[in-house]
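Given next are the chains, with one letter for each unit.
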Amino acid sequence: MLITVNVQIFIIMVLFILTKQIKIYGILMLFTLVHELAHMFMGIILKLKPKELNVSPFGFSILFEIYEKNEIKKILIAICGPLVNILIALICYFTNIKNEWVELIIYSNILIGLFNLLPIYPLDGGRILKSILRTKYNWKKTDKIINRISNIMTIILTACCSILILVYHNIGLLLVLAYLWILNVKENKRYMLKMRVHNAIESAK
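The present account deals with the structure reproduced in this document. The structure presented is a predicted model; accordingly, all values stated were derived computationally and were not measured. (Residues numbered from 1 in each chain as written. Predicted model: local features only at pLDDT ≥ 70, side-chain atom pairs only at ≥ 80, totals over all residues. Heavy atoms only, no water.)

**Points about the overall build of the protein chain**
How we decide: Each helix corresponds to a stretch of at least 4 residues labelled H or I by DSSP, and each strand to a stretch of at least 2 residues labelled E; elements are numbered beginning at the N terminus. Two things to know: the radius of gyration comes from C-alpha atoms, and the globule rule equals 2.2 Å times the number of residues to the power 0.38. Buried means the residue's accessible area, taken with a 1.4 Å probe over protein chains only, is under 20% of the maximum for its type, while exposed means over 50%, and partly exposed covers the values in between. Any pair of residues with heavy atoms lying within 4.5 Å of one another is described as a contacting pair. Surface exposure here means Shrake-Rupley accessible area, sampled with a 1.4 Å probe, where a residue is shielded only by the protein chains that are shown. His is not counted, nor are the chain ends; Lys and Arg add positive charge and Asp and Glu add negative charge. Taken as the charge location is NZ of Lys, CZ of Arg, CG of Asp or CD of Glu.
When helices and strands are counted, the protein chain shows 7 helices and 3 strands. A globule of 205 residues ought to have a C-alpha radius of gyration of about 17 Å, and the protein chain, at 18 Å, matches this closely. Along the longest, intermediate and shortest principal axes, the C-alpha atoms of the protein chain span 65 × 40 × 30 Å. Across the 205 residues of the protein chain, 41% fall into the buried class. Relative to all contacts within the protein chain whose residues are 6 or more apart in sequence, the contacts with residues 24 or more apart total 65%. Summed over its atoms, the accessible surface of the protein chain is roughly 12600 Å², and 71% of this surface lies on carbon and sulfur atoms. The distance from the centre of the 23 positive side-chain charges to the centre of the 11 negative ones in the protein chain is 7 Å.

**With respect to the sheet that holds strand β1 (residues 2-5)**
The condition is simple: Two strands qualify as a pair provided DSSP detects at least 2 bridges between them. Axes here mean lines fitted to C-alpha atoms, for a helix over just the part in contact, with angles spanning 0 to 180 degrees between N-to-C directions.
Overall, mixed pairing links the 3 strands, which are arranged β1-β2-β3 in an open sheet. Two strands bound the open sheet, and with one partner strand each, they are β1 and β3 (59-64). On average, each strand axis in the sheet is inclined to that of its neighbour by 15 degrees, with strand direction left out of account. In this sheet, strand β2 (residues 50-56) lies alongside β1 in parallel orientation, the contact comprising 4 bridges. Looking at the pairing, Val 5 lines up with Val 55 of β2.

**Describing unusual backbone geometry**
Cis rather than trans, the peptide bond between Tyr 121 and Pro 122 has omega equal to 15 degrees. For Pro 122, the location among the structural elements is in the loop between α4 (100-116) and α5 (124-134). Even without glycine at this site, Lys 47 takes up a positive phi of about 70 degrees. Here Lys 47 is to be found in the loop between α2 (22-45) and β2.

**Considering the packing of aromatic side chains**
How two aromatic rings sit relative to each other is set out by the distance from centre to centre and by the angle between their planes. Our working definition: Each pair of aromatic rings taken from Phe, Tyr and Trp, with Trp reduced to its six-membered ring, is defined by centres within 6.5 Å and is described as stacked if the planes are under 30 degrees apart, edge-to-face if over 60, and tilted in the remaining cases. Whether a charge sits over a ring depends on NZ of Lys or CZ of Arg being within 6 Å of the ring centre and within 35 degrees of the ring normal.
The full count for this structure, using the stated rule, is 4 aromatic pairs. Considering the side-chain rings of Phe 16 and Tyr 25, the 4.5 Å spacing of their centres and the 15 degrees angle between planes classify their relative orientation as stacked. Note on Tyr 93 and Phe 94: the rings are 5.1 Å apart at their centroids and 85 degrees apart in plane angle, and the pair reads as edge-to-face. Residue Tyr 93 shares its accessibility class with Phe 94, and that shared class is exposed. An aromatic cluster is defined as three or more aromatic residues linked by ring pairs; in this entry it consists of Phe 58, Phe 115 and Tyr 179. Over the aromatic face of Trp 101 sits the side chain of Lys 23, whose NZ or CZ is 5.0 Å from the ring centroid. Residue placement shows Lys 130 over the ring face of Tyr 121; its charged tip is 4.5 Å from the ring centre.

**Side note on the pattern of salt bridges**
Side chains that carry opposite charge are capable of pairing whenever their charged atoms lie near each other. We apply this condition: A side-chain nitrogen of Lys or Arg and a carboxyl oxygen of Asp or Glu constitute a salt bridge if their distance falls within 4 Å.
Tallying each qualifying case throughout the model produces 5 salt bridges. Measuring nitrogen to oxygen at the nearest pair gives 3.5 Å for the salt bridge that ties Lys 130 to Asp 143. Of the two residues, Lys 130 is situated in helix α5 and Asp 143 in helix α6 (residues 139-168); the sequence distance between them amounts to 13 residues. Across the pair, exposure class does not vary: Lys 130 and Asp 143 are buried alike. Across the pair Lys 194 and Asp 143 runs a salt bridge whose closest N-O atoms are separated by 2.9 Å. Here Lys 194, found in helix α7 (residues 171-204), pairs with Asp 143, found in helix α6; they are 51 residues apart in sequence, far enough to count as distant. The class for Lys 194 is partly exposed, based on a relative accessible area of 31%. Judged by relative accessible area, which is 3%, Asp 143 ranks as buried. Salt bridges sharing partners connect three or more residues here, namely Lys 130, Asp 143 and Lys 194.

Structure follows, in C-alpha cells:
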C-alpha cells in the first residue's frame, strides 16, 4: 500500500505549536488515523484491497484498488469509522480514570465521529446518504440532491463556526472551515464537470 504525505501538514503543525494547541492537534490526528484504519479493516473484511493511505493536514484518507458498486458495502465501510470513534469516546467516558488526557480523547473522538457523520459529500455521512439515495434514484438525481445538501450544510456550518471562532478564538475551528470549503469547492467542480459531460453526450445523441 502506497503512503503519501502532504507537506502542508508541517506548516499546520508549526501553527499549532505557536498557538500552544499542538497537544489537541496530535490527538485529533491520532484518532483520525484510527478512524481511517476502521474503514480499511472493514474494506478488507469485504474483500477490498487498500491502495493508498494519504496523510494531509486534516487527517488521513484510504483508497481501495477496486471501486465498490454494492451500496450496502459502501455504507458499512463509511459508517464503521465514526462508530469506532464514538465507541472509543464511550469507553473512555465510563472508565474511572478522569484526567486531562482522557477528556481530550473523549472530546476528540466525539468531534471526529460527529463531524464525519455530517451529510456533506465526501464525508462519511455524505457517502452514507448518497448510497441510500442510490437505492431509490438514478445517479443524476442522486448527485443533484447530494450536491445541494452539501452546499446548504457547508453554509450553515460556516455561519455557526464563524460565531464560535469570534467567541473562543480557536484556530482548530478555522481549519475545520477551511477543510469543509476545500471539500465543497472540489466536489462542486467535480459535479459541474460530470453534468457538462453528461449533457454533451445527451446532446450528441
